[in-house]
Amino acid sequence: MPSELAALQKKRLAMMLSNLLYFLVLLVLGYLLLIRGMGGKAYAAAAVLAVYLLLLRPMTNRYKTAVREAILRRTVCRGLTDVTYEPGKGVSAEEFLASGLVNTLSEKSFLSREKVTGRKNTCAVTMADVIFPIRENGLNAMSSGLYLRLVRPGAAFPELTVRAGQTDDLPLKGPALSLLEEMAFFIPGNLYMRAGADELHLFFRGRFVGFQVNPLMNITENTLRNDPIPELQQALRLSQMLAGQGVPEKG
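All of these numbers come straight from a predicted model, not from anything done at the bench. (Residues numbered from 1 in each chain as written. Predicted model: local features only at pLDDT ≥ 70, side-chain atom pairs only at ≥ 80, totals over all residues. Heavy atoms only, no water.)

Some details on the overall build of the protein chain
In step 1: The helix and strand tally for the protein chain stands at five helices and seven strands.
In step 2: Counting helices and strands in the order they occur from the N terminus, the protein chain gives α-α-β-α-β-β-β-β-α-β-β-α.
In step 3: Over its C-alpha trace the protein chain gives a radius of gyration of 23 Å, far above what one expects of a compact globule, namely 18 Å for 251 residues.
In step 4: In terms of overall dimensions, the protein chain has a C-alpha envelope of 95 × 50 × 25 Å along the principal axes.
In step 5: Pairs at least 24 residues apart make up 69% of the contacts formed inside the protein chain by residues separated by at least 6 positions.
In step 6: If you sum the accessible surface of the protein chain, you get close to 14000 Å²; carbon and sulfur atoms cover 57% of it.
In step 7: Between the centroid of the 29 positive side chains of the protein chain and the centroid of its 21 negative side chains there is a distance of 10 Å. (Helix = DSSP H or I, 4+ residues; strand = E, 2+ residues; numbered from the N terminus. Rg over C-alpha atoms; globule rule 2.2 N^0.38 Å. Contact = heavy atoms within 4.5 Å. Areas by Shrake-Rupley, 256 points an atom, 1.4 Å probe, with all protein chains shown as cover. Lys, Arg positive; Asp, Glu negative; His and termini not counted. Charge placed at Lys NZ, Arg CZ, Asp CG, Glu CD.)

See the structure below:
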């Protein structure tokens, strides 16, 4: 942790100094162009914009990605092995449609990024941010959030479906039902789930792997210990509770 924290702090310092230098250059350039009446305004503006787009913004984005990955590995994915984080990749429209969480889906209007994969013993974990069109209150709208898939070979999950956080009338009781209700309580009306065979699919509307990272915020050990997506650990516990409940009773 100390070496990782020191590396992030070093990246933050370099980013902050670069942005400060850029701001000072803007002030000087503004003085020369507006106060002293120096020519070449169009060329100067183009050069300043190019520096921002090609150097400063990518540097800031790389820093935010590094902080996000460190938080993901230390908190969200704790206890997982073979963890991969691929910000530019996601799940396909076909994968999301196969989850049974949505009825129809157009590949052209579906977008997914911030893919994370890992393993918890024999359980394979996949999660990614998704955005897709829906009909809401008779109007076209976009729905976005976190898609999570757990595949636990031999689990025999019971056939369960949750829409918009409605957990009433589910064939569950005890700790499994309490945990599911707790998950639904975190984001009222925005939990979707389908379980069956050896797969558990969940969609948390309004939750994101690509959570916001404030580049101005100081990085401390507490920053890397704050879990922004506790739903993953909850879902893993739920999958353990549900495993075997779908097996028909003998005789």
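Regarding helix 4 (residues 174-186)
In step 1: Helix length check: helix 4 (13 residues) gives 19 Å between terminal C-alpha atoms against 18 Å at 1.5 Å per residue, within 8%.
In step 2: Residues of helix 4 that are buried: Ala176, Leu177, Leu179, Leu180, Met183 and Ala184. Seen from one end, helix 4 has its buried residues packed into an arc of 165°, which puts them on one side. For helix 4, the exposed residues lying more than 90 degrees away from the buried face are Pro175 and Phe185. (Expected span 1.5 Å × (residues − 1). Buried < 20%, exposed > 50% of the residue type's maximum accessible area, 1.4 Å probe, protein only. Arc of directions from axis to C-beta.)

Examining the side chain of Thr126
In step 1: Here Thr126 is to be found in strand 3 (residues 123-136).
In step 2: Residues contacting Thr126, with those up to four places away along its chain left out, are Val91, Lys115, Val116, Thr117, Tyr147, Leu148 and Arg149.

Quick look at the sheet that holds strand 6 (residues 191-197)
In step 1: An order of 1-2-3-4-7-6-5 is seen for the seven strands of this open sheet, with the pairing classed as antiparallel. Each of the sheet's edge strands pairs with one partner strand only, and the pair in question is strand 1 (81-86) and strand 5 (157-162). When strand polarity is set aside, the average angle formed by the axes of neighbouring strands in this sheet is 20°.
In step 2: In terms of strand pairing, strand 6 meets strand 7 (residues 199-205) through six bridges, oriented antiparallel. Bridge pairing in strand 7 links Tyr192 to Phe203.
In step 3: Strands in contact with helix 4 are strand 5, strand 6 and strand 7; relative to strand 6, the strand with the most contacts, it is inclined by about 150°.
In step 4: Across the sheet, helix 5 (residues 231-242) is in contact with strand 2 (111-120), strand 3, strand 4 (139-151), strand 5, strand 6 and strand 7; its angle to strand 4 comes to roughly 60°. (Pairing = 2+ DSSP bridges. Axes fitted to C-alpha atoms, helices over the stretch in contact; angles between N-to-C directions.)

Observations concerning the confidence of the model for the protein chain
In step 1: Confidence along the protein chain averages 88 in pLDDT terms, with 93% of residues attaining 70 or more.
In step 2: Every residue in residues 247-251 scores below 50 in pLDDT, and together they form one contact with partners more than four places removed in sequence or on other chains. (pLDDT = per-residue confidence, 0-100.)

Thoughts on helix 5
In step 1: Helix length check: helix 5, at 12 residues, gives a terminal C-alpha distance of 16 Å against a target of 16 Å (1.5 Å per residue), a fit within 8%.
In step 2: Helix 5 sits mainly inside the fold: nine of its 12 residues count as buried.
In step 3: Taken from the residues just after helix 5, Gly244 is the one with a positive phi, measuring 95°.

A short note on the side chain of Gln233
In step 1: With respect to the helices and strands, Gln233 occurs in helix 5.
In step 2: On the basis of relative accessibility, which here comes to 13%, the residue Gln233 falls in the buried class.
In step 3: Within polar-contact distance, the side chain of Gln233 engages the backbone oxygen of Val76 at 3.0 Å.
In step 4: Here Gln233 is in contact with Thr75, Val76, Cys77, Arg78 and Leu80, once residues within four sequence places are set aside. (Polar contact = N/O pair within 3.5 Å; in protein donor to acceptor, adjacent residues only side chain to side chain.)

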